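Observations on the three-dimensional arrangement
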Amino acid sequence: MNNAADGDGFVVFDRVQKSYDGETLVVKDLNLSIGKGEFLTMLGPSGSGKTTCLMMLAGFEMATNGEILLDGKNINMVPPHKRGIGMVFQNYALFPHMTVGENLAFPLEVRGMGKDERETKIKRALDMVQMGDFINRRPAQLSGGQQQRIALARALVFDPELVLMDEPLGALDKQLREHMQFEIKHLHESLGITVVYVTHDQGEALTMSDRVAVFNDGRIQQLAAPDELYERPQNSFVAQFIGENNKLPGTVETLTGDTCTVRLETGEIIDATAVNIREAGQETLVSIRPERVEFKPEMMPAGAHTIGAEVLEVIYMGDILRTRMRVAGSDEFVMKSRNTLDQVRLKPGERLKIGWHPQDARALDPM
Amino acid sequence: MSDTTMASPELTTADGVPLKKALVRSEARAKRRAFLLVAPLFLFVLITFVVPIGQMLFQSVYNDSFSATAPALDKWFSEHPQGAPIDESAYAALASDLKTMKENRTQGQAGTRINYDVAGTRSLFTSTARKIDRLEPPWKEAILGVNEGWNDPNLWRAMRSATHPYTIDFYLAALDMTRDKNDNIVGVNPDRAIYGKLFWRTAVLSFIITVLCMILAFPIAHLLASLPLAKSNLLMIFVLLPFWTSLLVRTTSWMVLLQQQGVLNDLLVWLGIVNNDGRLEMMYNKTGTIIAMTHILLPFMVLPLYSVMRTIPPSYVRAARSLGATSWTAFRRIYLPQTLPGIGAGALLVFILSVGYYITPALVGGADGQLISNMIAFHMQKSLNWSLAAALASLLLAGVLILYWLYDRLVGIDNMKLG
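Residues numbered from 1 in each chain as written. Chains lettered and ligands numbered in written order. Predicted model: local features only at pLDDT ≥ 70, side-chain atom pairs only at ≥ 80, totals over all residues. Heavy atoms only, no water.

Moving on, we come to the overall build of chain A. On a plain count of helices and strands, chain A comes out with eight helices and 19 strands. Expressed along its principal axes, the backbone C-alpha trace of chain A runs to roughly 75 × 50 × 35 Å. Every one of the 367 residues in chain A was classed for burial, and the buried ones make up 52%. Excluding contacts between residues fewer than 6 apart, the proportion of contacts in chain A whose partners are at least 24 apart in sequence is 66%. For chain A, the accessible area works out to roughly 16,500 Å², and carbon and sulfur atoms hold 48% of it. Averaging the coordinates of the 40 positive side-chain charges in chain A and doing the same for the 52 negative ones gives two points 3 Å apart. (Helix = DSSP H or I, 4+ residues; strand = E, 2+ residues; numbered from the N terminus. Buried < 20%, exposed > 50% of the residue type's maximum accessible area, 1.4 Å probe, protein only. Contact = heavy atoms within 4.5 Å. Areas by Shrake-Rupley, 256 points an atom, 1.4 Å probe, with all protein chains shown as cover. Lys, Arg positive; Asp, Glu negative; His and termini not counted. Charge placed at Lys NZ, Arg CZ, Asp CG, Glu CD.)

Turning our eyes to something else, we now look at the interface of chain A and chain B. The partner chain B presents 16 residues to the 22 residues of chain A that form the contact. The three residues of chain A that bury the most area against chain B are A:H81, A:H97 and A:F106, which together make up 30% of that side's buried surface. Put simply, chain A and chain B have two salt bridges between them. Residue A:E109 is joined to B:R333 by a salt bridge in which the shortest nitrogen-to-oxygen separation is 2.7 Å. Inspection of the region where chain A meets chain B yields four residue pairs in polar contact (both at pLDDT 80 or more). For the side of chain A that touches chain B, the secondary structure elements donating two or more residues are strand 6 (85-88) and helix 2 (100-109) of chain A. (Buried area = accessible area lost by both parts, 1.4 Å probe. Salt bridge = Lys/Arg side-chain N within 4 Å of Asp/Glu carboxyl O. Polar contact = N/O pair within 3.5 Å; in protein donor to acceptor, adjacent residues only side chain to side chain.)

For the rest of this paragraph, the subject is the environment of A:R326. Residue and element names in this part refer to chain A. Take R326: it is sitting in strand 16 (residues 320-327). The residues touching R326, leaving out its near neighbours within four places in the chain, are G308, A309, E310, L312 and D331. Looking at R326, its side chain comes within polar contact range of the side chain of D331, at 2.7 Å.

A word on the domain arrangement of chain B. In terms of domain boundaries, chain B breaks down into domain 1 (13-57), domain 2 (71-164) and domain 3 (196-415). Centre-to-centre separation of domain 1 of chain B and domain 2 of chain B, based on C-alpha positions: 53 Å. (Domains from an automatic or database assignment.)

Another aspect to go through is the packing of aromatic side chains. Residue and element names in this part refer to chain A. Summed over all chains, the structure comprises 21 aromatic pairs over all chains. Each ring, one from F95 and one from F106, has its centre 5.3 Å from the other, and the planes form 75°; the classification is edge-to-face. Residue F95 is located in the loop between strand 6 and helix 2, and its partner F106 is located in helix 2; the two are separated by eleven residues in the primary sequence. Under the relative-accessibility criterion, F106 is labelled buried at 0%. The ring of Y230 carries the charged tip of R289 above its face, separated from the ring centre by 4.1 Å. (Phe/Tyr/Trp six-rings, centres within 6.5 Å; stacked < 30°, edge-to-face > 60°. Lys NZ or Arg CZ within 6 Å of the ring centre and 35° of its normal.)

The following block contains the structure:
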């Protein structure tokens with residue numbers, strides 16, 4: 001499943017492994033090629049190895065095995081300050097004893113740039129994040145969002161071609177985070193830089209990225225564009241991790257090409273798309289997105305199997321209605337329906353038939 | 001300035017009670033309880049700290065051991081201005097006082113006080129008082145007959161100034177100054193000036209010790225702060241171990257190590273670095289004081305540094321590195337400035353402690369490595385000139401306060417982190 005390193009990417013991880021203690025591998029055989037100008041997100045739970053990968057790319061950790069290439073050159077032995085990679089840290093890491101202007105001047109000064117050129121660049125970088133008036137403030141005098149912008153400007157001020165971001169929005173509140181997501185995305189587009197972004201927030205990953213690499217257990221579980229990732233998860237972990245997901249355990253009854261029928265634990269038979277199952281008779285986990293579940297007969301695709309359900313709870317969430325029901329012995333089955341004018345409001349205790357398009361039910365590995 | 005502000009309507013609570021009054025009332029109970037909690041410490045500090053220091057400051061400008069024992073001379077001096085001839089009436093007053101002293105057995109006390117200013121006069125008082133009952137007027141001949149030394153104008157000047165119990169003479173003495181025969185303040189004979197030299201040596205040695213502590217403590221503190229907690233705790237025990245050992249044990253172990261027949265010299269001789277006749281003198285001089293005190297005061301530098309370094313996230317240096325700084329630039333421009341509060345606190349702590357250090361220089365300092373506190377102790381215990389000891393101690397205190405003030409102006413006391 002992993003994209004094999006093809007050697008012509010801007011950033012290439014080639015069979016990279018990393019171990020801290022010599023006993024366990026934090027990163028197991030990582031192969032990844034990132035194109036120039038791409039926005040790639042490394043997504044995964046904590047401890048999945050994504051931050052370690054970023055640190056190896058930045059030069060703060062040594063790869064135990066394998067090669068990391070930047071623009072075709074092996075950078076394993078290049079110290080961090082010679083890599084010319086911009087980096088935004090989780091807590092911004094703005095130097096507290098310097099003003100905003102001095103923070104931005106720092107990367108230019110260490111490159112021996114003259115005063116005039118420095119000032120032009122600093123001004124341009126600050127204007128880029130709309131923080132031109134804050135040049136003489138200290139980081140402690142800025143709000144979280146403002147610090148975030150300054151950190152961004154500092155990582156961009158010396159015109160790096162590659163910028164790494166380590167959960168840069170983790171400390172912001174929800175509204176500001178969403179706003180900053182768009183700003184980072186726009187900066188990426190207008191500057192044409194390559195961005196490697198690390199996050200554990202799947203919403204962030206989906207909205208911003210060109211491609212997302214889902215990490216778990218030191219491996220990339222799936223590397224794909226956001227829509228592909230959401231709609232066609234390749235295994236149970238990705239299906240679980242990205243978005244909300246209903247899972248129904250069962251056994252594969254028949255397998256014909258891409259489609260299969262699955263006998264659930266309570267005996268019902270449903271249609272599903274075979275993703276990573278090999279043969280009839282094996283255990284599987286069928287994954288269905290809550291918003292793809294239908295209960296109105298006229299919306300069901302022709303020939304689809306339906307299944308009985310009992311409404312347990314309806315949660316009003318404003319834009320959507322979230323209905324929790326008992327399906328095939330599971331009490332955690334969720335259906336999401338849009339809160340339109342004519343939407344049918346179900347009541348707890350109601351029994352009904354639900355169904356879905358077989359393409360939306362994906363039979364995956366049982367984890 | 002002027003009374004132009006408009007009287008704003010007083011805020012009241014819903015019941016019409018003025019808001020301020022209501023606030024005071026509602027918080028009174030909590031304040032009383034808080035005060036009671038603090039009271040034991042407050043009393044303790046008052047009794048053991050404020051009062052003794054006040055007493056010391058007072059002693060340095062007040063000494064009544066002559067004025068209280070010589071009322072007749074006091075009267076005579078107040079009636080006759082400076083420069084008046086020392087005539088029969090003066091000797092009569094002296095005789096009367098010597099009699100009183102003999103009755104009250106205070107001639108030694110009075111003599112000691114005059115002896116501070118004019119050396120060798122204590123015996124004058126005791127010997128003359130012993131014979132005073134047998135003397136007859138005219139007093140001048142009689143007293144001079146006992147001892148010609150009474151004719152010394154310096155002595156009379158000293159007695160005149162000693163009749164004022166409040167005096168700055170002890171401060172003058174502590175600053176190597178005295179009064180000449182016209183009562184002008186002048187420096188003492190250079191070969192008798194010892195305190196200025198000692199203050200200077202104390203400051204220089206303390207500075208050297210502070211710098212050495214800084215150089216030694218910085219890497220240790222950094223290591224402690226960057227190691228995982230389990231390992232750094234173990235290492236911290238080694239730093240604190242000297243703290244838990246008696247000061248005397250530590251100092252004497254340095255004596256074992258550093259003396260001429262000691263472990264270090266033996267090792268150097270055995271290695272052939274120095275020959276047997278050229279054994280290094282590392283003890284009973286400044287070197288000994290510096291080595292032993294640096295070791296003893298090191299934890300006071302490590303702990304504040306450590307507590308500051310612990311709070312500096314590694315991401316700052318990483319950020320600097322990613323922005324293109326070499327590790328040296330990142331250290332100098334990013335890490336070091338952020339440790340300044342710790343360096344400042346540690347340096348102030350070590351310097352102030354070493355300025356007043358007594359036991360170690362007394363044991364390993366020899367003649368060369370004595371500090372001002374050893375001189376204060378000498379005046380407390382040997383010469384019994386408590387007023388001079390108090391004056392020296394007050395000057396030391398003033399010096400430390402000035403340093404503290406300077407630190408506050410330069411770095412800001414709010415920036416100090418002691419742990």
